[in-house]
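# Secondary and tertiary structure notes
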Amino acid sequence: MATKTKGGSSLLRYLGVRFLLIFPTVLILVTMVFLVMRTIGDPITAALGGKLSNAELAIRISAAGYDRPIFIQYFEYLGQVFTGDFGSTLTTNKPITGLLATYGMATLELVIYALIVAFLVGIPLGMLAAKRRDTGVDAGLRLFAIMAYATPVFFVGLLLKLVFAVAWPILPVNGRASINTELAITLMDNPTGIYLVDAIRLGSGEMILDVLSHAILPGLALGLLTAGIFLRLVRTNMIGTLNTDYVEAARSRGVKESRLVTHHALRPALIPIITVIGMQIAVLLGGAVLTETTFEWKGLGFQLAQYLNARDYVAVQGIVALLAVIVALTNFLVDVFVALVDPRVKF
Amino acid sequence: MDHKLKRNLLSGLALAAVGVLVLAGCSSTTSDTKSTAGSTQAAATADPITITVGTTDKVTTIDPAGSYDNGSFAVMNQIYPFLLNSTPGNAEMVPDIAVSAAFTSGLEYTVVLKPGLKFANGNDLTASDVKFSFDRQVLISDEAGPSWLLYNLESTEVVDDVTVVFHLLTENDQVFPAILSSPVAPIVDEEVFSADSLTSDDDIVAGNAFAGQYVISAYRFNELVQFTKYDGYQGVLGVAENQTVNLKYYADSSNLKLDVQEGNIDLATRSLSATDIEDLEGNDKVQVIKGPGGEIRYIVFNFNIQPYGATTAEANAGKAKAVRQAVAYLVDREAISTQVYKGTYLPLWSFIPPGLPGSTEILKDLYGATPSKDKATKVLADAGVTEVVTLNLQWNPDHYGPSSVDEYALIKSQLESSGLFKVNLQSTEWVTYAQERKDDVYPAHQLGWFPDYSDSENYLNPFFLEGGFLINHYNNEEVNQLLRDQVVTVDFAERVAKIVKIQELVAADLSTLPLLFGAQVAVAGADVSGVTLDASFKLRFGTVVK
């Protein structure tokens, strides 16, 4: 009983510490975003420098408050961020948090599709590579993993568009849905912004298929990036697990090789993937900017690219800071999950 | 280890994940608007004819007082009524929601509305709304808006519910009737629109403040618009022949091309690249439709901040003019036309495109049909410019088609190959571009012009009259006077002579440097008919069927 209590309080203490660490993490991330944006000058100079006279620039900078001491601007910015106010865009005067509500769900949906692709491709192929270790299949899969990881996501996207738009036009290559589905979702009551959920709520099989067909290529382009990493991780861990004593013992008892892989070696091999997902979220959000732009998937990444083009650095700063917070929170959740499922984690 | 605690926490995580999805399901993620008219049924039911249109244009705002660009006006043409308008295939002005419209004296233009007009929201459309529409344009005078088109309007008077009188500043304004069909003249609902500030798109759509051929039944800013036929429209265009038009906005013209050739959309309008159009012309699945070429492309010089401009440290009017003239000597229009636009845009040597009264190739006369480095060198040397001129040249990637990047790269190459210029090319997305070009940000920049109405004046007064939309600080009193005079000159030959004289003056000053003119082009599915590109430069969705 005493042991259980001690173990439970250790876990809670561990999770509490991890939770509290979110705040300095977010603080550091937000500070970095602020400082990086300021290294290119104030947003007014960044947008208009070299084009306006110094006097005109000074007037605009003063009006926007960018001529005040940097630490005052910094603390004002921190105050805004910690009250959930990331500011408003310069070009369209829309609140940044509103952008998250409108476009964040689109990016979340894309990231989920990408993770599904990563799991469906990375894990079975990783298992196969481990099972066929040091064969031609293994070598081919390792090469595939390296290519999937190393090829720029926009290049994969363009290749997919070339294949599925020109050579074999069977899948839509832009947008999140056909316009009829978009309209139906726009007109429905309280849309979630996750089109698949909305299409299901509309109860239209045609719209569900439409949404899914639009998701295939963007999900594939972004998902392959992570699938390569998953493949290598699963292969490496599974090879290690297959050589452990308890697997050898099972093998000696006559357990079939396929059962050894699926029932004895897979679960332990999957745990590192959960850890990696935390880091991959940041990679996927970065990749989403390029994927969304390539496929006109109108999510946060697409908007970020649009605001970068418009040199709306207030919007860029707000969106990037917001993404940083999302990454920090995701990593916390992953830590919690790993702590709960991985017996090797000590508190 | 406490397995029970772990299990509880895992269950909690799972529940939290489900909760997030449920909450997402219960929350609205968009502030975009649905109209009360049309509404869900319009999208959910299969209409007899639904047309899907794609464009890379962008809307600045659908408040007529706050925008003066093709993307916004293309939407306004579908949803707002005008006092005068032209019918598809015909550029002649005729009363739209009016019974009559005519000069009742030299300084008075009287319009009598049809009786019983209503907005889609049920509000009456009366002479009071007409006065409100023009008064707010003048009062708001938004820099991005078209209020300057009302330069000759002194006041608007309501006589009774259906009669309104425009009091003009100068007599016999030959252009005023055309202005009543231009972007400054949509009639808006005084019970929805603000009298002294811009009204947001969401408020306009929510207020269902439409009385044109269509209402907007779904609206997501620069993503999609759903137009639903408004049966209460009583204007000259008649009730739309289709029930619904869905307008989809693209960021990338290659996606627009793919969708029209695959039949995902019925009509692609503005803007496909020249190579895309060339490619689609050989595709049996689509038809390429061309209309009169009233669109022009040109470079604007900002007289304040261009090299040696009035507010620069080395201000010198003579040197500044020499710089503009040197650019005119060096630009090779023929090369841009053939290499970049494959002949879809042609060299423009005049300020008014060929075919309109007074069009004259004055630039060819003054600066030669072919580039001349010697003449450019001489004009700079004569003005005392001895150093390489650094020119910041701004262009826009998303408003004038995807070939703009090649066009301006070629211009940079043409100028720099002379050894006389160092060109810094910079690009800006349209929403910002439209704002910054007015704010003395760009020393020289790309613009295009889609005429508001088919009259030579529309290529002159908006550009060169003091206070025009260019806001580039060009001001020539002689030009100003001639511009004002020609508008009120009743004798046609005399008016044309003044138009020619104006072009001679502005060709010497070079407030702008015309480069190209081009046809209107749209690409439609093979089964689509009724796409009319005419000299009014208004594409009406109401005639498109399939």
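Residues numbered from 1 in each chain as written. Chains lettered and ligands numbered in written order. Predicted model: local features only at pLDDT ≥ 70, side-chain atom pairs only at ≥ 80, totals over all residues. Heavy atoms only, no water.

### Focus: the overall build of chain B
Tallying secondary structure elements over chain B gives 17 helices and 18 strands in all. Along the longest, intermediate and shortest principal axes, the C-alpha atoms of chain B span 85 × 80 × 50 Å. Across the 546 residues of chain B, 60% fall into the buried class. Of all intrachain contacts in chain B linking residues separated by at least 6 positions in sequence, the fraction that spans at least 24 positions is 70%. Summed over all atoms, the accessible surface of chain B reaches about 19200 Å², with 52% contributed by carbon and sulfur. Computed over 37 positive and 69 negative side-chain charges, the separation of the two mean positions in chain B equals 7 Å. (Helix = DSSP H or I, 4+ residues; strand = E, 2+ residues; numbered from the N terminus. Buried < 20%, exposed > 50% of the residue type's maximum accessible area, 1.4 Å probe, protein only. Contact = heavy atoms within 4.5 Å. Areas by Shrake-Rupley, 256 points an atom, 1.4 Å probe, with all protein chains shown as cover. Lys, Arg positive; Asp, Glu negative; His and termini not counted. Charge placed at Lys NZ, Arg CZ, Asp CG, Glu CD.)

### Considerations on the overall build of chain A
When its secondary structure is counted, chain A shows 14 helices and zero strands. Once local pairs closer than 6 in sequence are excluded, the contacts in chain A between residues at least 24 apart make up 72%. A total of about 16000 Å² of accessible surface is found on chain A, and carbon and sulfur atoms cover 69% of it.

### As for the nonpolar core
Ranked by size, the top nonpolar core spans 152 residues in total, and within it Leu83, Phe134, Phe166, Ile216, Phe227 and Phe421 of chain B carry the most contacts. Here this core takes eight residues from helix 9 (residues 317-330) of chain B, the largest share from any one element. Formed by 97 residues, the second largest nonpolar core is a distinct cluster that contains Ala106, Ala199, Ile229 and Ile274 of chain A. (Core = buried A, V, L, I, M, F, W, Y, C linked by side-chain atoms within 4.5 Å.)

### Some details on the domain arrangement of chain A
Assigned domains within chain A: domain 1 (2-81) and domain 2 (104-298). Taking the mean C-alpha position of each, domain 1 of chain A and domain 2 of chain A sit 33 Å from one another. (Domains from an automatic or database assignment.)

### Quick notes on the packing of helix 10 (residues 205-242) of chain A against helix 12 (residues 257-294) of chain A
Helix packing geometry: the angle between the two helix axes and the distance between the axes. Residue and element names in this part refer to chain A. Direction vectors running N to C along helix 10 and helix 12 enclose 150°, while the axes themselves pass 8 Å from each other. Comparing the axis directions of helix 10 and helix 12 gives the class roughly antiparallel. Between helix 10 and helix 12 lies a crossing whose hand is right-handed. Taken together, the residues of the contact of helix 10 with helix 12 sort by class into 23 nonpolar, seven polar and no charged. (Axes fitted to C-alpha atoms, helices over the stretch in contact; angles between N-to-C directions. Parallel < 35°, antiparallel > 145°, perpendicular 65-115°, else oblique. Left-handed = near helix turned anticlockwise from the far one by under 90°. Nonpolar A, V, L, I, M, F, W, Y, C, P; charged D, E, K, R; others polar.)

### Some words on the pattern of salt bridges
All names here are of chain A. What the rule picks out here adds up to 24 salt bridges over all chains. Put simply, Asp335 and Arg18 hold a salt bridge, and the shortest N to O gap is 2.1 Å. Of the two residues, Asp335 is situated in helix 14 (residues 313-341) and Arg18 in helix 1 (residues 2-39); the sequence distance between them amounts to 317 residues. Judged by its relative accessible area of 19%, Asp335 is buried. Bridged by salt links that share partners, the residues Asp138, Arg142 and Arg235 form one connected network. (Salt bridge = Lys/Arg side-chain N within 4 Å of Asp/Glu carboxyl O.)

### A closer look at the confidence of the model for chain B
Residue and element names in this part refer to chain B. This prediction gives chain B a mean pLDDT of 88; 91% of its residues lie at or above 70. In this model, residues 35-46 is a region of pLDDT below 50 whose contacts with residues beyond four sequence positions or in other chains number 21 contacts. Two numbers describe this predicted complex: its pTM, 0.76, and its ipTM, 0.75. (pLDDT = per-residue confidence, 0-100.)

### Things to note about the packing of aromatic side chains
Residues and elements named next belong to chain B. Following the criterion strictly, the structure yields 32 aromatic pairs over all chains and no others. Consider the rings of Tyr68 and Trp148, whose centres lie 5.7 Å apart with planes at 70°: the pair is edge-to-face. On the criterion of sequence distance, the pair formed by Tyr68 in the loop between strand 2 (50-55) and helix 3 (70-79) and Trp148 in the loop between helix 4 (127-140) and strand 7 (153-160) is long-range, its members being 80 residues apart. Judged by relative accessible area, Tyr68 falls into the buried class, the value being 16%. Measuring from centroid to centroid gives 4.9 Å for Phe103 and Tyr109, while their planes differ by 80°, and the two rings are edge-to-face. (Phe/Tyr/Trp six-rings, centres within 6.5 Å; stacked < 30°, edge-to-face > 60°.)

### What to know about the side chain of Gln78 of chain B
Residues and elements named next belong to chain B. With respect to the secondary-structure elements, Gln78 resides in helix 3. A distance of 3.1 Å separates a polar side-chain atom of Gln78 from the backbone nitrogen of Phe541. When neighbours within four sequence positions are excluded, Gln78 is seen to be in contact with Gly212, Gln213, Tyr214, Phe227, Leu539, Arg540 and Phe541. (Polar contact = N/O pair within 3.5 Å; in protein donor to acceptor, adjacent residues only side chain to side chain.)

### Overview of a nonpolar patch on the surface
Residues and elements named next belong to chain A. Together, Phe154, Phe155, Leu158, Leu159, Leu162, Val163, Val166, Trp168, Ile170 and Leu290 make up a nonpolar patch on the protein surface, roughly 950 Å² of accessible area in all. Element by element, the count of residues in the nonpolar patch is highest for helix 7 (residues 153-167), at seven residues. If you trace the backbone, Leu162 turns up in helix 7. By relative accessible area, Leu162 is classed as exposed at 53%. (Patch = residues over 30% accessible without salt bridge, like charges linked within 9 Å, V, L, I, M, F, W, Y side chains within 5 Å.)

### Observations regarding the pairing of strand 17 (residues 444-449) of chain B
Residues and elements named next belong to chain B. With six of six residues buried, strand 17 lies mostly within the body of the structure. Burial along strand 17 is two-sided: the face carrying Ala444, Gln446 and Gly448 and the face carrying His445, Leu447 and Trp449 are both buried. For strand 13 (residues 286-301) and strand 17, the ladder comprises six bridges, and the chain directions are antiparallel. Bridging from a neighbouring strand, Val300 pairs with His445 of strand 17. Pairing geometry for strand 15 (residues 389-395) and strand 17, over two bridges, is parallel. Note on strand 17: the bridge partner recorded for Gln394 is His445. (Pairing = 2+ DSSP bridges.)

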